[in-house]
Amino acid sequence: MRSVEEFVTEEAATSSAPGEDEHPALALANSALVLPGGRTVDLLGTPAQAEQWLARRDLAPADASLAEVCATRLRVLREQVRSLLASRVAGQPAPPAAVTAVNDAMTRVPTASLLMWDAETGPYRAAPHPTTAIVEHALAVIASDAADLLTASDAVRLTACASPPCNRFLLKHGRRQWCSTRCGDRARAARAYARRTTTD
């Protein structure tokens, strides 16, 4: 039988907030969830989870064998992207460190594989560390998408889920202010409860 955390993690992974399917940066920002009761679920909490998350978005092969350092780099970029999205939603200036982190991720990808030499087979070209190259490519794609999301016409639709304690971001469609049906139901129930208690 699955634990509650496994169920919530699976549900969170399959229930995308509006805009996540088009913007991997939004999906990355939403990969650490705050659940009712204040419990958190980190979809990048382990290298295996980070590998699954990247593979589901075609940013890495399913057998990439990520190390903890790779998962950590994803989590660090996530915090920088979250701070950029939060700044945009609040109409505040972006933290310079977050801008630098996104720019660094975009420019770190090598443009060419290196020349290598094998004593038996001779010269060949390859990435110096294939797993690192995979992660750097994924980080560059996500960082580039974050820059696009913040500067393109979609930026005006960017908002935070209006159902506390949810911490997810989304792209608004019409008047919808929630990242999921679950959050919308919770917000409506909270409003109904508030109306009942003020009339009693």
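Structure first, text after, so check above.
Let me sum up the structure you'll find in this document. (Residues numbered from 1 in each chain as written. Predicted model: local features only at pLDDT ≥ 70, side-chain atom pairs only at ≥ 80, totals over all residues. Heavy atoms only, no water.)

## Here's the deal with the overall build of the protein chain
For step 1, the next point in the chain: Along its length, the protein chain carries 7 helices and 6 strands.
For step 2, the next point in the chain: Taken from N to C terminus, the helices and strands of the protein chain fall in the order α-α-β-β-α-α-α-β-β-α-β-β-α.
For step 3, the next point in the chain: Taking all 200 residues of the protein chain together, the buried fraction comes to 38%.
For step 4, the next point in the chain: Within the protein chain, residue pairs in contact and separated by at least 24 positions form 53% of the contacts whose partners lie at least 6 positions apart. (Helix = DSSP H or I, 4+ residues; strand = E, 2+ residues; numbered from the N terminus. Buried < 20%, exposed > 50% of the residue type's maximum accessible area, 1.4 Å probe, protein only. Contact = heavy atoms within 4.5 Å.)

## Focus on the pairing of strand S3 (residues 114-118)
For step 1, the next point in the chain: Sheet analysis places S3 next to strand S4 (residues 122-126), joined by 5 bridges and oriented antiparallel. In the strand pairing of S4, Met 116 is matched with Tyr 124.
For step 2, the next point in the chain: Between S3 and S4, which pair antiparallel one after the other, the connecting turn spans 3 residues. (Pairing = 2+ DSSP bridges.)

## Section: the pattern of salt bridges
For step 1, the next point in the chain: Overall, the coordinates contain 6 salt bridges when judged by the stated rule.
For step 2, the next point in the chain: The partner of Glu 20 in a salt bridge is Arg 168, with the nearest N and O atoms 3.0 Å apart. Of this pair, Glu 20 sits in the loop between helix H1 (4-14) and helix H2 (24-29) while Arg 168 sits in the loop between strand S5 (158-160) and strand S6 (169-171), placing them 148 residues apart in sequence.
For step 3, the next point in the chain: Residue classification places Arg 168 among the buried residues on the basis of a relative accessible area of 4%.
For step 4, the next point in the chain: Across the pair Arg 157 and Asp 154 runs a salt bridge, and its minimum N-O distance is 2.8 Å.
For step 5, the next point in the chain: Via salt bridges that share partners, Asp 42, Arg 78 and Glu 79 belong to a single interconnected network. (Salt bridge = Lys/Arg side-chain N within 4 Å of Asp/Glu carboxyl O.)

## Describing the side chain of Glu 20
For step 1, the next point in the chain: With a relative accessible area of 9%, Glu 20 lands in the buried category.
For step 2, the next point in the chain: With residues near it in sequence (within four places) discarded, Glu 20 still touches Leu 26, Ala 27, Asn 30 and Arg 168.

## Observations regarding the environment of Leu 150
For step 1, the next point in the chain: Structurally, the position occupied by Leu 150 is in helix H6 (residues 130-151).
For step 2, the next point in the chain: Along the sequence, Leu 150 and Arg 88 sit 62 residues apart, while their C-alpha atoms lie 7.4 Å from each other.
For step 3, the next point in the chain: Setting aside anything within four residues of it in sequence, one finds Leu 150 in contact with Leu 84, Leu 85, Arg 88, Ala 155 and Leu 158.

## A word on the environment of Ala 126
For step 1, the next point in the chain: With respect to the secondary-structure elements, Ala 126 resides in strand S4.
For step 2, the next point in the chain: What makes Ala 126 partly exposed here is its relative accessible area of 23%.
For step 3, the next point in the chain: Placed 12 residues apart in sequence, Ala 126 and Leu 114 show a C-alpha to C-alpha distance of 5.5 Å.
For step 4, the next point in the chain: Setting aside residues up to four positions removed in sequence, Ala 126 forms contacts with Ser 113, Leu 114 and Met 116.

## What about the state of the cysteines?
For step 1, the next point in the chain: The tally for this structure, following the rule as stated, stands at 0 disulfides.
For step 2, the next point in the chain: Sulfur of Cys 161: no disulfide; nearest cysteine sulfur belongs to Cys 166 and is 3.8 Å away.
For step 3, the next point in the chain: For Cys 179, which is in no disulfide, the shortest distance to another cysteine sulfur is to Cys 166 and amounts to 3.6 Å.
For step 4, the next point in the chain: Under the relative-accessibility criterion, Cys 179 is labelled buried at 1%. (Disulfide = S-S within 2.5 Å.)

Purely geometric stuff here, so don't read any function into it on its own.
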